[in-house]
Amino acid sequence: MTTHASIANAATTDPMIVMADVEKWYGGFKALSDINLSVRRGEKIVLCGPSGSGKSTLIRCINHLEAYQKGEIRVGGTRLGDDSRTIDAIRREVGMVFQHFNLFPHMTVLQNCMLAPMRAAKMSRSEAEATARRLLDRVRILEQADKYPAQLSGGQQQRVAIARALCMRPSVMLFDEPTSALDPEMVKEVLDTMIGLAEEGMTMICVTHEMGFARQVADRVIFMAGGTIVEEAPPDAFFTQPRHERTRKFLGEILRPH
Amino acid sequence: MGLGEFLFLLTGLKWTVALSAIGFVCGSVGGLAIALLRTSGVRGLERLAAGYIALFQGTPLLMQLFVVYYGLALIGLHLSAWVAVSIGFTLHASAYLGEIWRGSIDAVPRGQTEAASALNLKYTSRMKDVVLPQAIRISLPATIGFLVQLIKGTSLASIVGFTELARAGNIVSNQIFEPLLVFGIVGILYFLMCWPLSLYGSHLENRLAVASR
Ligand SMILES: Nc1ncnc2c1ncn2[C@@H]1O[C@H](COP(=O)(O)OP(=O)(O)O)[C@@H](O)[C@H]1O
Ligand SMILES: [Mg+2]
């Protein structure tokens, strides 16, 4: 019993993602500076901030969709370099969900979910199909397995995108504004899916302005502006007593509907 | 015009079709290579492919055929007219198809490659499974348009002594002195090959336009 507890404890204190003094440049433009962030296994982070503050850039550096120039990023103990070996090792661990879903339009829902397991994880077709069906069922969309993405609503497409990422059995999930492109009535079904994932203990970094979701799920909320982390706090403290003027201004803008 | 002359024209037609097919099939292989080099993200390879495309788009097809036919002979490679024009058309089609497909690859939204990369798919699978199937669909109208140009362009092969449809027409016309009749038939034969393709191309174009609405 005690051994079990201490193992679980060790697991939760072991950082899953570490970003240390990370700097990212787009040509001559510095998009990220002094990024220091440590995410524990199972932790849920909500990342918010004004448009252009570097939120997407930050999470895209973690799975090397963007290269970083200074500092260090570690995922599950692997230091992310520019070589294909470490990129491969890290992308195995990290799944990503995009604002515009980015499903493959020429493949059915099921094929979307089976491609990467077969090609990148070398699963057999039957294993990939079983995995895909299980995860499509989990996001409650199994009955649409043979449809093409264009035949689904935005909310359904985004749930497929979540299932597709989960088929690779990631230990971390990155979400880049997963509900921003959705009609209001579809936001909830996607957030509910994400909440379910959080409850199962997935490590998550979510760029979102859904503050209800942040309150319910986040262990920490991080506020970015101008390519730096301005403030981070547990959701209660973040919403009730933000320390920085920029955070207050931002919260004032997004919490007060206009 | 007797049956013999007409059959002679059909033989020419056969070589026109064969030359078009060879140029198109071999040019597709070359064009795919050019398009992949052109979008590789490796500066040197991209420039090489861009230079190749510029060279073949910037010079007349007739001159390209001359250079291959007489140029290769000059360096000691004596090729039959048949092989020489096949090489010429392949090089030519590679450049044009390469440029068409480069544009189509670029037209596939970036998010597709990014999603594939995030799923840990490597370059070969990203291209083969995700980008190219979409790029090929986008490119179909332009690809078919080029095929029509290529079929008509084969008439230039007559200049190096290759007896395709246009040259066959010329020969027959010189024999029976009925140029209007002969070239009328030759024209109809070209039209019967090219017109359905053109129709099919614009049909696909309309379908793509509807799909992207
Ligand atoms: N590919 C790129 N090239 C150049 N600048 C970029 C690129 N992507 C983003 N940027 C710039 O970097 C900054 C941060 O962008 P981004 O991370 O997308 O912000 P956010 O997701 O917070 O809205 C912005 O100023 C944006 O214009
Ligand atoms: Mg963004």
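No experiment lies behind these values; they were computed from the predicted model shown.

Draft legend 1. Structural view of the interface of chain B and chain A. Taken together, the contact pairs 18 residues of chain B with 22 residues of chain A. Summed over both sides, the interface of chain B with chain A buries roughly 1600 Å², with 60% coming from carbon and sulfur. Among the residues chain B hides against chain A, the three largest losses belong to Ala118, Leu119 and Asn120 of chain B. Together they make up 35% of the total. Along the contact surface separating chain B from chain A lie 3 salt bridges. Taken together, the connections running from chain B to chain A amount to 7 residue pairs in polar contact (both at pLDDT 80 or more).

Draft legend 2. Spatial organisation of the environment of lysine 55 of chain A. Along the chain, lysine 55 of chain A falls in helix H2 (residues 55-62). Setting aside residues up to four positions removed in sequence, lysine 55 of chain A forms contacts with Leu47, Cys48, Gly49, Pro50, Glu177, Val207, His209 and Met224 of chain A.

Draft legend 3. Up close: the UniProt feature "domain: ABC transporter" (unreviewed entry) in chain A. As annotated in UniProt, the feature "domain: ABC transporter" (unreviewed entry) corresponds to residues 17-251 of chain A in the numbering used here. Secondary structure across residues 17-251 of chain A divides into 39% helix and 26% strand, with the first and last C-alpha atoms of the span separated by 27 Å.

Draft legend 4. Summary view of the site of ligand 1. Residue and element names in this part refer to chain A. Taken together, Tyr26, Phe29, Ala31, Pro50, Ser51, Gly52, Ser53, Gly54, Lys55, Ser56 and Thr57 make up the full set of residues near ligand 1. Taking tyrosine 26, its side chain carries an N or O atom lying 3.3 Å from a nitrogen atom of ligand 1. In isolation ligand 1 has 560 Å² of accessible area, and contact with the protein removes 59% of it. For the shell around ligand 1, the secondary structure elements donating two or more residues are strand E2 (29-40) and H2. Looking at the shell around ligand 1 element by element, the count peaks at 3 residues for H2. Of the residues assigned to the shell around ligand 1, the class counts are 4 nonpolar, 6 polar and 1 charged.

Draft legend 5. Expanded view of the side chain of serine 104 of chain B. Residues and elements named next belong to chain B. Locating serine 104 in the fold gives a position in helix H4 (residues 81-107). For serine 104, a relative accessible area of 6% gives the class buried. Setting aside anything within four residues of it in sequence, one finds serine 104 in contact with Ala135, Ile138 and Ser139.

Draft legend 6. Representation of the nonpolar core in the model. Residues and elements named next belong to chain A. Counting 63 residues, the largest nonpolar core has Met19, Leu58 and Ile205 as the members making the most contacts within it. Those residues in contact with isoleucine 205 that lie beyond four places of it in its chain are Ile17, Val39, Ile45, Leu47, Ile59, Ile62, Met173, Leu174 and Phe175. Ranked by size, the runner-up nonpolar core spans 52 residues in total, among them Val160, Met204, Cys206 and Leu251.

Draft legend 7. Fine view of a nonpolar patch on the surface. Residues and elements named next belong to chain B. Where nonpolar side chains cluster on the molecular surface, the patch consists of Met1, Leu3, Phe6, Leu7, Leu10 and Leu181 and spans about 500 Å² of accessible area. Looking at the nonpolar patch element by element, the count peaks at 4 residues for helix H1 (residues 3-38). Note that leucine 181 resides in helix H8 (residues 179-211). Among the residues examined, leucine 181 registers a relative accessible area of 38% and is labelled partly exposed.

Draft legend 8. Spatial organisation of the sheet that holds strand E5 (residues 78-79) of chain A. Residue and element names in this part refer to chain A. Taken in spatial order, the 4 strands line up as E2-E1-E4-E5 in an open sheet, and their pairing is antiparallel. Only two strands of the sheet have a single neighbouring strand rather than two, namely E2 and E5. Of the pairings in the sheet, the one linking strand E4 (residues 70-75) to E5 comprises 2 bridges and is antiparallel in character. Each residue of the ladder has a partner; that of arginine 74, found in E5, is arginine 79.

Draft legend 9. Structural context of the side chain of serine 173 of chain B. Residues and elements named next belong to chain B. For serine 173, the position within the fold is in helix H7 (residues 165-176). Taking the relative accessible area as the measure of exposure, serine 173 reaches 7% and is therefore buried. Look past the residues within four positions of serine 173 in its chain and what remains in contact with it is Glu178, Pro179, Val182 and Phe183.

Draft legend 10. Here's a closer look at the pattern of salt bridges. All names here are of chain A. Per the counting criterion, the structure on display carries 23 salt bridges over all chains. Of the charged contacts, one joins arginine 220 and glutamate 43 as a salt bridge, the two residues approaching to 2.9 Å between their closest N and O atoms. Of the two residues, arginine 220 is situated in strand E9 (residues 220-225) and glutamate 43 in the loop between E2 and strand E3 (44-48); the sequence distance between them amounts to 177 residues. Judged by relative accessible area, arginine 220 falls into the buried class, the value being 15%.

Draft legend 11. Broad picture of helix H6 (residues 154-166) of chain A. Between its first and last C-alpha, H6 of chain A extends 18 Å over 13 residues, near the 18 Å set by a 1.5 Å rise per residue. With 13 of its 13 residues buried, H6 of chain A lies for the most part within the structure.

The rules behind these values
Residues numbered from 1 in each chain as written. Chains lettered and ligands numbered in written order. Predicted model: local features only at pLDDT ≥ 70, side-chain atom pairs only at ≥ 80, totals over all residues. Heavy atoms only, no water. Contact = heavy atoms within 4.5 Å. Buried area = accessible area lost by both parts, 1.4 Å probe. Salt bridge = Lys/Arg side-chain N within 4 Å of Asp/Glu carboxyl O. Polar contact = N/O pair within 3.5 Å; in protein donor to acceptor, adjacent residues only side chain to side chain. Helix = DSSP H or I, 4+ residues; strand = E, 2+ residues; numbered from the N terminus. UniProt positions renumbered as here; feature names shortened; annotations may be inferred. Near = heavy atom within 4 Å. Areas by Shrake-Rupley, 256 points an atom, 1.4 Å probe, with all protein chains shown as cover. Nonpolar A, V, L, I, M, F, W, Y, C, P; charged D, E, K, R; others polar. Buried < 20%, exposed > 50% of the residue type's maximum accessible area, 1.4 Å probe, protein only. Core = buried A, V, L, I, M, F, W, Y, C linked by side-chain atoms within 4.5 Å. Patch = residues over 30% accessible without salt bridge, like charges linked within 9 Å, V, L, I, M, F, W, Y side chains within 5 Å. Pairing = 2+ DSSP bridges. Expected span 1.5 Å × (residues − 1).

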